[in-house]
Amino acid sequence: MKEIEAIRTLLGEPLSVDNGNKLRDQLASCESWLPYVSEQLRTAQQQLADVRLAGLPEKAKGQTELDRETYQQSYSAKQKKQVDELKDIFAIIGQRISLGQTFLKSIQTEMEKV
């Protein structure tokens, strides 16, 4: 997905800790991606649920429950990976915004001292 690559590029850019205006722009840019990532995550979670349901084979003679679960996990691995990646990106964006807000407060405190 092009959008996910754009988000990864954005997240790979160091925060501008000594330029409050640039830092605000970086945080706003990160925050603007949250609805997209959230929507993609919900979609991916639904797809994972659908794939898991479709990937659970009928119990065959001589097949154990573990065999069925193993097949289901294998069948849904690609969707599970996508859900995990989107969860990670969502969390990283939140952490980046929180860290950036801390830097902004620090910058503001320093400017008030001057």
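Preceding this paragraph is the structure being described.
Residues numbered from 1 in each chain as written. Predicted model: local features only at pLDDT ≥ 70, side-chain atom pairs only at ≥ 80, totals over all residues. Heavy atoms only, no water.

On to the nonpolar core, then. Core analysis: the biggest nonpolar cluster contains 15 residues, and Ile7, Val37, Ile89 and Ile93 have the highest contact counts within it. The set of elements that each furnish at least two residues to this core consists of helix H1 (2–12), helix H2 (20–54) and helix H4 (77–113). Residue contributions to this core peak at 6 residues, all from H2. Ignoring any residue separated from it by four or fewer positions in sequence, one finds Val37 in contact with Ile7, Leu86, Ile89, Phe90 and Ile93. The next biggest cluster of nonpolar side chains, apart from the first, holds 5 residues, and it includes Leu15, Leu23, Leu104 and Ile107. (Core = buried A, V, L, I, M, F, W, Y, C linked by side-chain atoms within 4.5 Å. Buried < 20%, exposed > 50% of the residue type's maximum accessible area, 1.4 Å probe, protein only. Helix = DSSP H or I, 4+ residues; strand = E, 2+ residues; numbered from the N terminus. Contact = heavy atoms within 4.5 Å.)

Another aspect to go through is the environment of Leu11. Structurally, Leu11 is set in helix H1. As for Leu11 and Thr70, which are separated by 59 residues in sequence, their C-alpha atoms are 35 Å apart. When residues no more than four places from it in sequence are discounted, the contact partners of Leu11 are Cys30, Ile89, Ile92, Ile93 and Arg96.

Time to look at the packing of H1 against H4. The interhelical angle for the contact between H1 and H4, taken along N-to-C directions, is 35 degrees, at an axis separation of 11 Å. As H1 packs across H4, the resulting crossing turns out to be left-handed. Listed contacts from H4 to Ile4, Ile7, Arg8, Leu10 and Leu11 of H1 are Glu85, Leu86, Ile89, Ile92, Ile93 and Arg96. Grouping the amino acids of the contact of H1 with H4 by side-chain chemistry returns 8 nonpolar, no polar and 3 charged. (Axes fitted to C-alpha atoms, helices over the stretch in contact; angles between N-to-C directions. Left-handed = near helix turned anticlockwise from the far one by under 90°. Nonpolar A, V, L, I, M, F, W, Y, C, P; charged D, E, K, R; others polar.)

Angle between the axes and distance between the axes are the two parameters that describe a pair of packed helices. With their axes 8 Å apart at the nearest point, H2 and H4 run at an angle of 160 degrees to one another. Taken together, H2 and H4 sit at an angle that is classed as roughly antiparallel. The interaxial crossing formed by H2 with H4 has left-handed handedness. Residues belonging to the contact of H2 with H4 are distributed by class as follows: 19 nonpolar, 9 polar and 6 charged. (Parallel < 35°, antiparallel > 145°, perpendicular 65-115°, else oblique.)

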